2 protein chains.
Amino acid sequence: MHNILSNLRVDINSSLYLKDPESSQLGINIVKSSIDLIDANGIEEFNFKKLARVIGSTESSIYRYFENKHRLLLYISSLYWGIMEFQMVVQTNNMSGSLEKLLKAVETLFSTPQTKCTSFEIEGQKLRHILNSEFVKAYHHKLVDEENEAGCFSIYKRLVSRLSEMIVEVNSDYSFSKSLASVIIEGSLNQYFLSEHFHNLTDCHSKDNLYLFYKDLLTKTLMS
Amino acid sequence: MHNILSNLRVDINSSLYLKDPESSQLGINIVKSSIDLIDANGIEEFNFKKLARVIGSTESSIYRYFENKHRLLLYISSLYWGIMEFQMVVQTNNMSGSLEKLLKAVETLFSTPQTKCTSFEIEGQKLRHILNSEFVKAYHHKLVDEENEAGCFSIYKRLVSRLSEMIVEVNSDYSFSKSLASVIIEGSLNQYFLSEHFHNLTDCHSKDNLYLFYKDLLTKTLMS
DNA sequence: CAAATATAATAGTAATACTATCATTTAATA
DNA sequence: TATTAAATGATAGTATTACTATTATATTTG
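Residues numbered from 1 in each chain as written. Chains lettered and ligands numbered in written order. Predicted model: local features only at pLDDT ≥ 70, side-chain atom pairs only at ≥ 80, totals over all residues. Heavy atoms only, no water.

The name an unreviewed UniProt entry assigns to chain A is TetR/AcrR family transcriptional regulator, from the organism Psychroflexus longus.

See below:
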């Protein structure tokens, strides 16, 4: 794996866009305002017509950047996971104890994304909120296999792999490192969603509680 | 001879339909064929026009049973969770050891739903496949709060509560029984989905492996 | 300045997700 | 059996969505 510390730019797979939104002010406006709109009203209510109105542009111009709103959601998702991966690597870099390293990695998963390392001025809380509510729709999609093939999920998959490797470092005899990693990353979104909409289906109503839940789970599962 | 299972009526919240589909042959055809179609092509490709064509009826007739395809998906989901709840209760009934009981409950979560005990002739595998791919869309939805209020998720929530209670029975000091229960039930769908579409993000490619993963997780988390 | 490129303005299309109306068939009941 | 009510079918229509196409006008670059 290449060292992402050297370049602060989240490198997003070019299959996700038609024209790189970071290459122009219009592109930046598209991404920035789409995050505002999707955060506010969800992906179902969102469309390019509304977005065009907000940024003072037109549908046809937006379509030159993104094939459709689904691809734009995949782009936003990759941005999120890229930031989380970056934070995770920075935070755990040079840590010696494998368990401490894993727990620190998990802790960063529950923290707000630091969007300063992108070209966009985005509020991290909005980005997280979108992922909590909409990411499952990004991959529970009829084209998931061909999009996966095209690399649309590469950052996400790399993050799961990183976490899985950290689990192996803690306990090389453990047989389910990938499943455990995906459960945790999935939970880093879903438990927030449950807290918001199905309050009684989770005990974790804060970042801190979430961390305690998974810390307990990981420690017992891997160390006993 | 009548099996107790043949008397099962999954009691589905009436807010999910306009006219009870179990009350007529047309209603039964709607549910049965919608499961075939959604299983085959996913909820996005599915609509009432196509369904009407398949069952030899009309859009307007279908709209008399279900407000829209989203509500129909909620109905199908409730059917699934109702069957799973029933199986779980039957399988764990009269078991004495709390851990064994919990593990048996979890094992049934990964088994195929026994649909013979409903009014519909449904293939359980299709039902499971739909839930694996589409259930997240049923609750990551703009109307989730009002639908939740109306009782559209009551069976699902009751199932999570039951599992949570079994966890408490095993270890009353454990602080995260609800979160753990929701993680497991969520995983009972998502790990199957990962196996199908993101093969490398899970270690569990069979029912048996899935059970071993969660058995290990539960035993260590609650017993150490 | 000319040429290339990006964006805007406008129009149009096919499909979707419904709603409305009325005719007809089927079932319930008196 | 006749009458009525309920269920279903046939047909049409609407607003919205998710695009595509075309041409005009800026803006950038060589």
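## A word on the protein's contact with DNA strand D
Contacts to DNA strand D come from 17 residues, most closely from Asn68(A), Ser57(B), Ser61(B), Arg64(B) and Tyr65(B). Of what DNA strand D places within 4 Å of the protein, 57% of the atoms are sugar or phosphate. Taking Ser57(B), its side chain carries an N or O atom lying 2.3 Å from a phosphate oxygen of DNA strand D. Between DNA strand D and Ser61(B) there is a distance of 3.0 Å, counted from a phosphate oxygen to a side-chain nitrogen or oxygen. Listed by contribution, the elements that provide at least two residues to the surface near DNA strand D are helix 3 (59–63) of chain A together with helix 3 (59–63) of chain B. Taken together, the residues that form the surface near DNA strand D break down as three nonpolar, nine polar and five charged. (Near = heavy atom within 4 Å. Polar contact = N/O pair within 3.5 Å; in protein donor to acceptor, adjacent residues only side chain to side chain. Helix = DSSP H or I, 4+ residues; strand = E, 2+ residues; numbered from the N terminus. Nonpolar A, V, L, I, M, F, W, Y, C, P; charged D, E, K, R; others polar.)

## Considering the interface of chain A and chain B
Interface size is commonly expressed as the accessible area that is lost once the parts come together. Tallying the contact residues gives 47 residues for chain A and 47 residues for chain B. Counting each side, the surface lost to burial between chain A and chain B is near 4,300 Å², with a carbon and sulfur contribution of 60%. At the boundary of chain A with chain B, the tally comes to two salt bridges. Here Lys142(A) and Glu45(B) are joined by a salt bridge, their closest N and O atoms 3.1 Å apart. The interface formed by chain A and chain B includes 29 residue pairs in polar contact (both at pLDDT 80 or more). (Contact = heavy atoms within 4.5 Å. Buried area = accessible area lost by both parts, 1.4 Å probe. Salt bridge = Lys/Arg side-chain N within 4 Å of Asp/Glu carboxyl O.)

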